[in-house]
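Spelled out from the first residue to the last, the chains are:
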Amino acid sequence: MEYTLKEMMAITAAREIKNEDIVFCGTGISMLAAMAAKNINAPESVIFFETGAIDSKLEEIPLAVGDPRVMYHTSANGGLLDSFATMQNAITGQHVVGILGAAQVDKFGNLNSTVIGDYESPKIRFSGSGGGCDVASFVPRSIIFMQHEKRKFVKKLDYLTSPGYLDGPDGRKNAGLIPGGPELVITNMGVMRFDDTTKQMYLAAFYPGITPEQILDKMEFSVDTSRAEEATPPTAEELTLLREKCDHQRLILS
Amino acid sequence: MEYTLKEMMAITAAREIKNEDIVFCGTGISMLAAMAAKNINAPESVIFFETGAIDSKLEEIPLAVGDPRVMYHTSANGGLLDSFATMQNAITGQHVVGILGAAQVDKFGNLNSTVIGDYESPKIRFSGSGGGCDVASFVPRSIIFMQHEKRKFVKKLDYLTSPGYLDGPDGRKNAGLIPGGPELVITNMGVMRFDDTTKQMYLAAFYPGITPEQILDKMEFSVDTSRAEEATPPTAEELTLLREKCDHQRLILS
Amino acid sequence: MNLKQDKVMDLTTAINTYVKDRCHLSLGGFTINRNPMAAVYEIIRQRVKNIHLYAHSNGQGVDELIGGGCVSHLEIAYGGSGKFASTCIRFRKAVEENLLQVEDYTNYQMTLRFLAGAMGVPFLPCRSSMGTDIVNKWGFSQEMRKTSKKLPDDKLTIMDNPFSGWLDTEKVVLVPAIQPDVTIVHVQKADKRGNCRIQGLTFADAEQAKAAKHLIVTCEELYDNDELKTDSDQNQIPFIHVDAVVHVPHGAYPTACYHHYDYDPNYLKAYAKKAKDDTLHGEYLKEMIHGCQTQQDLIAKTGPEQMAAIAADPQTGYARNLDRK
Amino acid sequence: MNLKQDKVMDLTTAINTYVKDRCHLSLGGFTINRNPMAAVYEIIRQRVKNIHLYAHSNGQGVDELIGGGCVSHLEIAYGGSGKFASTCIRFRKAVEENLLQVEDYTNYQMTLRFLAGAMGVPFLPCRSSMGTDIVNKWGFSQEMRKTSKKLPDDKLTIMDNPFSGWLDTEKVVLVPAIQPDVTIVHVQKADKRGNCRIQGLTFADAEQAKAAKHLIVTCEELYDNDELKTDSDQNQIPFIHVDAVVHVPHGAYPTACYHHYDYDPNYLKAYAKKAKDDTLHGEYLKEMIHGCQTQQDLIAKTGPEQMAAIAADPQTGYARNLDRK
């Protein structure tokens, strides 16, 4: 069954989500991935939003985490204080998986979603952290979505918005952060993971038709490709559920 | 019109409450005083409770600040976080008048409602601060109810639960407290106020039939009586409203 | 926490599973309202010992648990039951007889401590109690604290405002987070998965609930899953915090449960009288607590007439014109 | 604050009374939901200048206020309007053209800063952003801060946990309180005295409201006093915090107002297109903002057909099957 790159990315992320996970998601493909997990492989997972909605019944895909669609049929409609406390909380926070995006990522999985250029007078201004830095600070696992481009996989971030492993294995501990960090980066070409020991990014999988060399060409820094395998494409069942249950209006997929 | 000491005390306190005051009250006579103010001289005053109820419609007198009667017809039913934030808040807190009681008071209006004897192994244990210390810490004005007895008006508190002026005019400032402190102490014999300069208690009024000397006899420490005047007894109208509108079930007054 | 669809248990199992000797326990409710009394009575029946108890102003529940011989340590702001006991009676006796170690905070401080636990921060600041014995006198010594991993090294600490003078503040008191092993709250409505709705004041129940490692919810009304999701603006505790849901009608009796029943003045007055006398109190424990197997047995002793008298008026949520003298 | 029984004002008077040149203003709402848009448009019409603006993730309102030329300083976590503008367009332009000084925080930090203001404490702690440029890079220099009494001397500060290791915490970030001169929130229901009820997520509106020196509430539905007191469990902002109540149906349009109307995808897409081009944006301001006297004029330009299309479905609270492509 044919599939788009967006579908490949959403399904790849969904497969990482398990029952008993509480999934923090943002706008766009991250929301789609969370909905896919719930409809395909992790029906007991719980979707929640930084705006304060827990376990929303998403009959239509929200176009923002402040979309009124996230408020329908929730467990509770709180506010930002509630949602971030859930992630910072020593008990519930340990069950949260964050899904994040950014403009730049470095080899330790740190993210920039603030500026290109100087902070004081930037060349390009982005939205800023939102809850991204909070999630990346609080939760044990996160999934990052990126487009594979040289200007996005950079040696040095223009601004470090959300912490990955900071400067290496002891980075988070030295800074005073809760243990955690990104598990994988899902791109339009493959999947990067982080070495258990060095906490550096390596290529874990490349999509069918893509080579590790093509991926390295799209990065400013080099990564280990020795562990890379071809990724498993979405199954027909996964695609059908994704298209019919998660985005039948084709607001994200199209 | 005849009146009881309890009625005299409640009306004396009520007269101190003005429109635009938000009145924090506890159980018993303090609740009655707040209701009396609202029904007699300060209809625009707002009664609120540390449990989180604001502007309750008190059709029957509550027997505790956790009584379900305080939850009826409120502006909002929050919780303890809301109520104490209202008092600590730089804007709303400045409008709050606290009404407090205690087991002991000293000449600077500090209160003990915790223990008699050593803290570690007390001779008598009382309820403890509750929200009393918080109110006394946060709000600019408070009214204290006491029985006039030597063991209650003491040179040195066994335990300082709620701050008055601490050790004198600069006591609160040195400790780091918000400016404030008690305005008056209403007892079964008269009214004590605090000198603007020394922040020490003085006798401001004695009830009809009571002499300043009798009051001094009931105190471990001496106070200035040169400013004392005879208190104005409750009027017939005040008494009628108190009895009929505030405690028609005579749960506190009897 | 767990995300199970069905967390319904009977009370005996819930208490037996989560409330152990020496556990750190927090009780919801305030003075004579929404105390989780059925759970308190079951803890007494199970003869759990040496509980380290946390509450802000839980009156009746704390007093009965102390009277039941279950509590060795108590962190509290207020031990009183309104007009029925300006100081809780068994609490007072236990302190005066040196049977109970107490540490005093203010109501706001206890609430902030629960909130800190719920938020996952080690402390929160406030501007209360500077210059008082709440700061100066500690119930638990630094030595005792160091022997327990469940207690912070300090009762509290005073700090200069690092944002010098900001908000006209020179100093703040920092109070440490509480993370109880288990919290018990009684709510009006819960679904099987654990979503909870409290009617009326919430006190600090949501904060106590979210601070705990385990949470037992007892409820007046049990709903099928999703039934409370249709009006979720009114829910305060989402299921992700909940471990056990126990259906106990009249589970707060003899304290009040807004829009269900009032406190029972007769019971509370009778309790106060018995609690003052060790012999009478022993008889009370034997007859009313150990002599009952469930909350329903206790309600049966009160009888239908008094239960009808305390039933809540649908408009006001309390029992109008109840004889409370 | 005031305790007046009737705080109802028209929008022009409310904005004119409380929103002054150089004031510190905080806006409620989140991205494309419950932004106080009618108030934003009125501020633009009154040509208020050099506002110091606070928001966490208010998208559309912040962007239009910047585009209207009203804002000189901005403290924010997120400038985006969901799928309609992943980065707010006039915000981005103003920053890139050095017309706006911005200081970045996280959403949680901004929310805690409002909460600190509401609570009356100079700061609150969190465990977010250590090791990041949120900590290292400041939008406002220490020198600039010292010239303003309305700003704390530091953006934030990192502190060792004074309760050593408690809650497995070595360090915390302290973020300073915000006390805006004025906050504006849009709510579904308010009474004349100012009691407010928000349906659906509250975002940080209650905290923003209570932190401010003055509070303007715009509402979809205006009630007589006491009408909202019959079900007060659902009220989030009591009247004691409120200065002005303004009845503005569709006051959040083109952003959503849960259970009343959805966001208008047509308006937001058209806005995004115009906002990208200075000439088109100038025409937009002239026609849609300065060319209208009230929110009702703007609604009339949209027309009854599209207003019917975005009307909320009573069950879900949003417009089902709305064309959002």
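These numbers come from a predicted model, not from an experiment.

Re the overall build of chain A
Next, step 1: From N to C terminus, chain A includes 7 helices and 14 strands.
Next, step 2: In terms of overall dimensions, chain A has C-alpha extents of about 45 × 45 × 35 Å along its principal axes.
Next, step 3: Residues classed as buried in chain A amount to 68% of the 254 residues present.
Next, step 4: Here the contacts in chain A between residues at least 6 apart in sequence split such that 64% fall between residues at least 24 apart.
Next, step 5: A total of about 8,400 Å² of accessible surface is found on chain A, and carbon and sulfur atoms cover 49% of it.
Next, step 6: Separation between the mean location of the 24 positive side-chain charges and that of the 33 negative ones in chain A comes to 3 Å.

What about the overall build of chain C?
Next, step 1: Each helix and strand in chain C was counted, giving 12 helices and 11 strands.
Next, step 2: Taken against the 2.2 N^0.38 rule, which gives 20 Å for 325 residues, the C-alpha radius of gyration of chain C at 20 Å falls within 12% of a compact globule.
Next, step 3: By principal-axis analysis of the C-alpha atoms, chain C measures approximately 60 × 50 × 40 Å.
Next, step 4: Relative to its 325 residues, chain C shows a buried fraction of 69%.
Next, step 5: For chain C, long-range pairs separated by at least 24 residues make up 74% of all intrachain contacts whose partners lie at least 6 apart in sequence.
Next, step 6: About 10,100 Å² of surface is accessible on chain C, with carbon and sulfur atoms providing 46% of the total.

Quick look at the pairing of strand E1 (residues 24-27) of chain C
All names here are of chain C.
Next, step 1: Burial of E1 is two-sided: the residues His24 and Ser26 facing one way and the residues Leu25 and Leu27 facing the other way are all buried.
Next, step 2: By the bridge criterion, 3 bridges tie E1 to strand E2 (residues 51-54) in an arrangement that is parallel. Residue pairing for E2: His24 is matched across the bridge by His52.
Next, step 3: Once you follow E1 into helix H2 (residues 37-45) and on to E2, the crossover reads as right-handed.
Next, step 4: Bridge count for E1 against strand E8 (residues 182-191) is 3 bridges, and the pairing is parallel. Its bridge partner being in E8, Leu27 is matched across the sheet by Ile184.

So, the interface of chain C and chain A
Next, step 1: Counting residues at the interface gives 26 residues for chain C and 22 residues for chain A.
Next, step 2: Summed over both sides, the interface of chain C with chain A buries roughly 2,000 Å², with 54% coming from carbon and sulfur.
Next, step 3: On the chain C side of the contact with chain A, C:Met1, C:Leu3 and C:Lys229 bury the most area, a combined 30% of that side's loss.
Next, step 4: On the surface where chain C and chain A come into contact, there are 3 salt bridges.

Considerations on the state of the cysteines
Next, step 1: In total, this model carries 0 disulfides over all chains according to the counting rule given.
Next, step 2: Free of any disulfide, C:Cys257 has its nearest cysteine sulfur in C:Cys219, 9.9 Å distant.
Next, step 3: A relative accessible area of 0% means that C:Cys257 is categorised as buried.
Next, step 4: With no disulfide of its own, D:Cys23 has D:Cys70 as its nearest cysteine by sulfur position, at a separation of 10.0 Å.
Next, step 5: Owing to a relative accessible area of 4%, D:Cys23 belongs among the buried residues under this scheme.

Section: the domain arrangement of chain C
Accessible area lost during the coming together of the parts is what is often quoted as the interface size.
Residues and elements named next belong to chain C.
Next, step 1: What the domain assignment reports for chain C is domain 1 (1-122 + 179-224 + 236-306) and domain 2 (123-176).
Next, step 2: A C-alpha centroid distance of 27 Å is found between domain 1 and domain 2.
Next, step 3: Taken residue by residue, the interface counts 24 residues in domain 1 and 19 residues in domain 2.
Next, step 4: Among the residues domain 1 hides against domain 2, the three largest losses belong to Glu103, Gln109 and Pro122. Together they make up 30% of the total.

Describing the pattern of salt bridges
Next, step 1: All told, the structure shown has 61 salt bridges over all chains when counted by the stated rule.
Next, step 2: Where B:Arg15 meets B:Glu238, a salt bridge forms, and the shortest distance between an N and an O atom there is 2.8 Å. Placement of B:Arg15 in helix H1 (residues 5-16) and of B:Glu238 in helix H7 (residues 236-246) is noted, with a sequence separation of 223 residues between them.
Next, step 3: A salt bridge links C:Asp104 to B:Arg125, with the nearest nitrogen and oxygen atoms 2.7 Å apart. Taken together, the residues C:Asp104 in strand E4 (residues 101-104) and B:Arg125 in strand E9 (residues 122-125) connect one chain to another.
Next, step 4: What makes B:Arg125 buried here is its relative accessible area of 1%.
Next, step 5: Within this structure, A:Glu60, A:Asp67, A:Arg69, D:Asp262 and D:Arg324 form a network of salt bridges that share partners.

Digging into the side chain of D:Asn195
Next, step 1: Tracing the backbone shows D:Asn195 in the loop between strand E8 (182-191) and strand E9 (196-197).
Next, step 2: Apart from the residues within four sequence positions on either side, D:Asn195 is in contact with B:Ser75, D:Lys189, D:Ala190, D:Leu228, D:Lys229, D:Ile237, D:Pro238 and D:Phe239.

Description of the layout of surface pockets
The method is simple in principle: a probe with the dimensions of a water molecule rolls over the atoms, and the space it marks as empty is what remains.
Next, step 1: Put simply, the second largest pocket is a space of about 1,300 Å³.
Next, step 2: What lines the second largest pocket is a set of 46 residues, and nearest its centre among them are B:Thr27, B:Gly101, B:Ala102, C:Tyr78 and C:Ser86.
Next, step 3: Broken down by element, the residue count for the lining of the second largest pocket peaks at 3 residues, all from strand E5 (residues 96-101) of chain B.
Next, step 4: Residues that form the lining of the second largest pocket fall into these classes: 19 nonpolar, 22 polar and 5 charged.

As for unusual backbone geometry
Next, step 1: Of note, the amide linkage connecting C:Tyr253 to C:Pro254 takes the cis form, showing an omega dihedral of 10°.
Next, step 2: Tracing the chain through its elements places C:Pro254 in the loop between strand E11 (244-247) and helix H9 (265-275).
Next, step 3: In this structure, D:Thr31 is a non-glycine residue whose phi angle is positive, near 45°.
Next, step 4: Secondary-structure assignment places D:Thr31 in the loop between strand E1 (24-27) and helix H2 (37-45).
Next, step 5: Phi at D:Ser129 takes a positive value of approximately 85°, unusual for a residue other than glycine.
Next, step 6: Along the chain, the position of D:Ser129 falls in the loop between strand E5 (123-126) and helix H6 (133-136).

Observations regarding the sheet that holds E5(D)
Residues and elements named next belong to chain D.
Next, step 1: Pairing within the open sheet is antiparallel, and its 3 strands lie in the order E5-E7-E6. The outermost strands of the open sheet, each flanked by one partner alone, are E5 and strand E6 (157-160). Taking the axes of each pair of neighbouring strands and ignoring which way they run, one obtains an average angle of 35° across the sheet.
Next, step 2: Two strands pair when backbone bridges link them, and E5 and strand E7 (residues 171-176) are joined in this way by 4 bridges, in the antiparallel orientation.

Comments concerning the interface of chain D and chain A
Next, step 1: Counting residues at the interface gives 63 residues for chain D, matched by 60 residues for chain A.
Next, step 2: Interface area, chain D with chain A, both sides summed: about 5,000 Å², of which 57% is carbon and sulfur.
Next, step 3: Broken down residue by residue, the surface that chain D buries against chain A is led by D:Tyr108, D:Leu201 and D:Arg324, which jointly contribute 16%.
Next, step 4: Among the salt bridges present, the one from D:Arg324 reaches A:Glu60, with a minimum N-O distance of 3.5 Å.
Next, step 5: Taken together, the connections running from chain D to chain A amount to 36 residue pairs in polar contact (both at pLDDT 80 or more).
Next, step 6: Those elements that provide at least two residues to the side of chain D that touches chain A are helix H4 (89-96), strand E4 (101-104), helix H5 (107-119) and H6 of chain D.

With respect to the nonpolar core
Next, step 1: Ranked by size, the top nonpolar core spans 255 residues in total, and within it A:Met201 and B:Met201 carry the most contacts.
Next, step 2: When sequence neighbours within four positions are dropped, the list of residues in contact with B:Met201 reads B:Val105, B:Asp106, B:Lys107, B:Phe153, B:Val185, B:Met192, B:Arg193, B:Phe194, B:Met219, B:Phe221, B:Val223 and B:Asp224.

About the cut-offs
- Residues numbered from 1 in each chain as written.
- Chains lettered and ligands numbered in written order.
- Predicted model: local features only at pLDDT ≥ 70, side-chain atom pairs only at ≥ 80, totals over all residues.
- Heavy atoms only, no water.
- Helix = DSSP H or I, 4+ residues; strand = E, 2+ residues; numbered from the N terminus.
- Buried < 20%, exposed > 50% of the residue type's maximum accessible area, 1.4 Å probe, protein only.
- Contact = heavy atoms within 4.5 Å.
- Areas by Shrake-Rupley, 256 points an atom, 1.4 Å probe, with all protein chains shown as cover.
- Lys, Arg positive; Asp, Glu negative; His and termini not counted.
- Charge placed at Lys NZ, Arg CZ, Asp CG, Glu CD.
- Rg over C-alpha atoms; globule rule 2.2 N^0.38 Å.
- Pairing = 2+ DSSP bridges.
- Right-handed = clockwise from strand over helix to strand, strands pointing away.
- Buried area = accessible area lost by both parts, 1.4 Å probe.
- Salt bridge = Lys/Arg side-chain N within 4 Å of Asp/Glu carboxyl O.
- Disulfide = S-S within 2.5 Å.
- Domains from an automatic or database assignment.
- 1 Å grid on protein atoms, 1.4 Å probe; cavity = no way out; pocket = protein on both sides within 12 Å on 5 of 7 lines; lining within 4 Å.
- Points joined across faces, edges and corners; volume = space filled by probe spheres on them.
- Nonpolar A, V, L, I, M, F, W, Y, C, P; charged D, E, K, R; others polar.
- Axes fitted to C-alpha atoms, helices over the stretch in contact; angles between N-to-C directions.
- Polar contact = N/O pair within 3.5 Å; in protein donor to acceptor, adjacent residues only side chain to side chain.
- Core = buried A, V, L, I, M, F, W, Y, C linked by side-chain atoms within 4.5 Å.

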